[in-house]
Amino acid sequence: MKPLIVSGIKPSGILHIGNYLGMIKQAVDLQNSDKYSYFYFIADLHSLTTKYDPKEKSKEVMEAAIDLLSAGIDPKKSALFVQSHILEHANLAWIFNTITSMGQLERMVEYKEKVADGQTPNAGLFDYPVLMAADILIYKAQKVPVGEDQRQHLELARDIARSFNKRFGKTFPEPAGVYTKALRVMSLSDPKKKMSKTAPAGCLYLSDSPKKIKEKINTAVTDSHKEVGYDPENRPGISNLINIYAEFSGTSPEAAVKQFKGASYKEFKAAVGELVALKLQDTQERKANLEKDKKEVLRILENGAETARPIAKKTLEEVKSRVGLI
Ligand code: ATP
Ligand code: MG
């Protein structure tokens, strides 16, 4: 089997362009090279760690699957499945819990941020990075496309692989992150924070209509400078729009700034809105079609699980034997 790439996304709200530029777009690009096998999963177990409505959850899982497929994940090339359909993820996470210290988890910035944002800190939220390590290592994945915000969690997955190997014998490769230049896409309403499904006010959704996209970009928080300029530290709002423009048009932020030299914010924002609306058009058309064929989506998820399950089972058996379970 070819080396494996694994990526996950939480069904915790509608997908936004941060998810697209940070993870999905690179995942689609990687899928289209022939060097790797690809596993993409809907992280439904992770999504139970933050507030949710049980009546909405199954819809959110389906929506995440439809969003990934419409953004270009190709079930002929990649396995797309639901995390909870492969019981081995949670089982391996338990074993990893026993080799992870409280201190390692207490250092996790995402946990601290979510708690500071008012989330009730349940034990699952605290333990999230250990389940994430299991999601990756259960397939012995070598590459993991993630947004910059997941760098620390991925480091922990590498630490867990290393400690496991050291204590029980070489079992896991250390997975490497694959990051885009887009780094993190920031919130449109509060550009010092990253765009997050759990903070809808600042999100530009993949499903927003062209009109909505233009409106949201037009009213994105920037600063009082007169000219377009790139300075993420001091001018996060306008720099975020430059990043978005550069990623969607396949240029660098510097080239984008040059292109808009002398343009007003209003003109620049109009151009960003036009571009994003245009680039999301195909995705939105595919989405409308898939929404009419939920049976097909379920079939794809089942097939994906059948591809992933034997590998997960084999790893868990190996791990159980290494740690001495009968
Ligand atoms: P939540 O608020 O529930 O954590 P989220 O918007 O952060 O949701 P996740 O499902 O946690 O989305 O992340 C899915 C993928 O998208 C991950 O690879 C993550 O790194 C990436 N990602 C999330 N937000 C951004 C962002 N603002 N910029 C770039 N990548 C992002
Ligand atoms: Mg997140």
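Everything quoted here is computed from the prediction, not taken from an experiment.

Draft legend 1. The domain arrangement of the chain, seen in detail. Taken as a whole, the chain is organised into domain 1 (4–184 + 294–323) and domain 2 (200–283). Of the roughly 1200 Å² buried where domain 1 meets domain 2, counting both sides, 67% is carbon and sulfur surface. Summed over the shared surface of domain 1 and domain 2, the number is 1 salt bridge. Its salt-bridge partner being Glu 247, residue Lys 25 comes within 3.9 Å of it at the nearest N-O pair. One can count 2 residue pairs in polar contact (both at pLDDT 80 or more) joining domain 1 with domain 2. Broken down by element, the residue count for the side of domain 1 that touches domain 2 peaks at 4 residues, all from helix H1 (residues 17–31).

Draft legend 2. Region of the structure containing the packing of aromatic side chains. Applying the stated criterion to the full structure yields 14 aromatic pairs. Look at Tyr 245 and Phe 268: their rings are 6.1 Å apart centre to centre, the planes differ by 55°, and that puts the pair in the tilted class. Of the two residues, Tyr 245 sits in helix H10 (residues 236–249) while Phe 268 sits in helix H12 (residues 265–279), which places them 23 residues apart along the sequence. We note that Tyr 245, like Phe 268, is buried. Put simply, the rings of Phe 39, Phe 41, Phe 81 and Tyr 139 pair up and form one aromatic cluster. Sitting over the ring of Tyr 179, Arg 151 keeps its end group 3.9 Å from the ring centre.

Draft legend 3. Examining the nonpolar core more closely. In this structure, Ile 17, Ile 24, Leu 80, Phe 248, Phe 268 and Val 276 are the most contacted members of the largest nonpolar core, which totals 57 residues. Considering each element in turn, this core owes the most residues, 8 residues, to H1. Of the domains in this structure, domain 1 (4–184 + 294–323) and domain 2 (200–283) are the two that each give at least three residues to this core. Look past the residues within four positions of Phe 268 in its chain and what remains in contact with it is Val 228, Ile 238, Leu 241, Ile 242, Tyr 245 and Phe 260. Core analysis: the second largest hydrophobic core is formed by 44 residues, Phe 96, Leu 125, Met 132 and Ala 305 among them.

Rules behind the numbers
- Residues numbered from 1 in each chain as written.
- Chains lettered and ligands numbered in written order.
- Predicted model: local features only at pLDDT ≥ 70, side-chain atom pairs only at ≥ 80, totals over all residues.
- Heavy atoms only, no water.
- Domains from an automatic or database assignment.
- Buried area = accessible area lost by both parts, 1.4 Å probe.
- Salt bridge = Lys/Arg side-chain N within 4 Å of Asp/Glu carboxyl O.
- Polar contact = N/O pair within 3.5 Å; in protein donor to acceptor, adjacent residues only side chain to side chain.
- Helix = DSSP H or I, 4+ residues; strand = E, 2+ residues; numbered from the N terminus.
- Phe/Tyr/Trp six-rings, centres within 6.5 Å; stacked < 30°, edge-to-face > 60°.
- Buried < 20%, exposed > 50% of the residue type's maximum accessible area, 1.4 Å probe, protein only.
- Lys NZ or Arg CZ within 6 Å of the ring centre and 35° of its normal.
- Core = buried A, V, L, I, M, F, W, Y, C linked by side-chain atoms within 4.5 Å.
- Contact = heavy atoms within 4.5 Å.

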